[in-house]
Amino acid sequence: MTENEQKVDVAIVGGGMVGAALASGLAQHGFEVAVLEQEAPVEFDPVSPPDVRISAIGAASVALLKQLDVWPAVTAMRCVPYRRLETWEWQTAQVSFDAASLGLPELGYMVENSVLQRALWQRLQQQPVRIICPTRLQSLQPVKGGWQLTLDGGQRLNTRLVIGADGANSQVRQMSGIGIRGWNYAQSCMLISVRCEHDAGDTTWQQFTPQGPRAFLPLFDNWASLVWYDSPARIRQLQAMPIPQLQKEVAAHFPVRLGKVTAVAAGSFPLVRRHAIDYVKPGLALVGDAAHTINPLAGQGVNLGYRDVDALINVLSESRLRAEDWASEAVLMRYQRQRQKDNQLMQSGMDLFYFAFSNQLGPLKLVRNLGLMAAQHSGGLKRQALRYALGL
């Protein structure tokens, strides 16, 4: 093998929140892993305002991050527990979930994406993981016994298993010829970092409006993140506004319970649903957004990615213990069978919510609000739905 050519068990394309977690878990199980990433996450600055991009990390995801020995680094930086979740359209039809009803100390944590990425990156640097960064994937070719990746600069990497953890526009998915089904939603989403007049508390809430939901995510100290769904044209208009003007729009369009806030930063993105027709090929697998993107209505995106990670680590490590060909399609299909149905169920559930609450027909409004009222009083069923969403 030439100096320009290296060999590893597993090459993970994408070292973000999902790819880095998978690399860490596989390294724990003795796999020789390389991670390809375009740019390293920025250093954490404790006095910086929060990242505009926030993830609501559920209990099962926290358990995985603890298992990977990443969670202490997250808590040493910044994260905030949330213990209550409320959603409503009519004030009289409100559904609330709380941690105490499940006997949990919290439902999950609000974590800035940049904090999660930095904590995972630090963990990778403590492990025998080969980090190739900055780099870009130029080509992907099947070869005897696996795949050959050519990187910019001409470096070649031979691997038994290549994993696409490279996001919604995955190069690995495209280069390997895996198709997708999907569509663009008739909404875009804006995230706004705000300072609140009072402590942000430990309740996250969401109000459905005719234009789309408005949500509040509590962060550390007096910081919070607002989520504004609306038509793509309206979100573009908001994005173009200077911050003081955006703040006036927030005051006019968010519920009164928000109180007085000071807008600091904002970012927006279109809402797209994608689902890979296959998650695997011989010696190749997709995880996270490379395999599925979901309407972020219930903040399930990264949690589904972590369920993928957990399932794939288990499948590969158990297969290797049994001395099977762990990179074979037959073994990888076990991962696909576990995850594809679950992801599809969550996607469909979010779509049902999206379409039900996007329609302004009087009878449907009545039905959905009666549905929320029934959900609030459904006891065990409500707890079961919450446990499923938290991955318990």
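Residues numbered from 1 in each chain as written. Predicted model: local features only at pLDDT ≥ 70, side-chain atom pairs only at ≥ 80, totals over all residues. Heavy atoms only, no water.

Asker: How would you explain unusual backbone geometry if you had to name every residue and give the values?
Answerer: In this chain, Cys 133 is followed by Pro 134 through a cis amide linkage whose omega measures 0°. Relative to the elements of secondary structure, Pro 134 occurs in the loop between β8 (129-132) and β9 (137-143). The backbone of Asp 221 shows a phi angle near 50°, a positive value even though the residue is not glycine. Checked against the element boundaries, Asp 221 lands in the loop between β14 (214-218) and β15 (223-230). Backbone geometry at Ala 323 places phi at a positive 60°, although glycine is not the residue there. Among the secondary structure elements, Ala 323 is positioned in the loop between α8 (301-321) and α9 (329-358). Among the residues examined, Ala 323 registers a relative accessible area of 69% and is labelled exposed. (Helix = DSSP H or I, 4+ residues; strand = E, 2+ residues; numbered from the N terminus. Buried < 20%, exposed > 50% of the residue type's maximum accessible area, 1.4 Å probe, protein only.)

Asker: Lay out helix α1 (residues 17-28) with the relevant residues and their values.
Answerer: For α1, which comprises 12 residues, the first-to-last C-alpha distance of 17 Å matches the rise-based estimate of 16 Å (1.5 Å per residue) to within 8%. Summarising burial for α1: 11 of the 12 residues are buried, a large majority. Buried within α1 we find Met 17, Val 18, Gly 19, Ala 20, Ala 21, Leu 22, Ala 23, Ser 24, Gly 25, Leu 26 and Ala 27. Following α1 by one or two positions, Gly 30 adopts a phi angle in the positive range, close to 85°. (Expected span 1.5 Å × (residues − 1).)

Asker: Which residues make up the pattern of salt bridges, and what values do they have?
Answerer: Within this structure, the stated rule accounts for 16 salt bridges. A salt bridge links Arg 53 to Asp 51; the nearest nitrogen and oxygen atoms lie 3.1 Å apart. Judged by relative accessible area, which is 41%, Arg 53 ranks as partly exposed. The class for Asp 51 is buried, based on a relative accessible area of 15%. Notably, a salt bridge pairs Arg 339 with Asp 308, separated by 2.7 Å at the nearest N-O pair. Linking Arg 339 in helix α9 with Asp 308 in helix α8, this pair joins segments that are 31 residues apart in sequence. Of the two residues, Arg 339 and Asp 308, neither departs from the other in class, the shared state being buried. Taken together, the shared-partner salt bridges connect Arg 84, Glu 86, Asp 98 and Arg 257 into one network. (Salt bridge = Lys/Arg side-chain N within 4 Å of Asp/Glu carboxyl O.)

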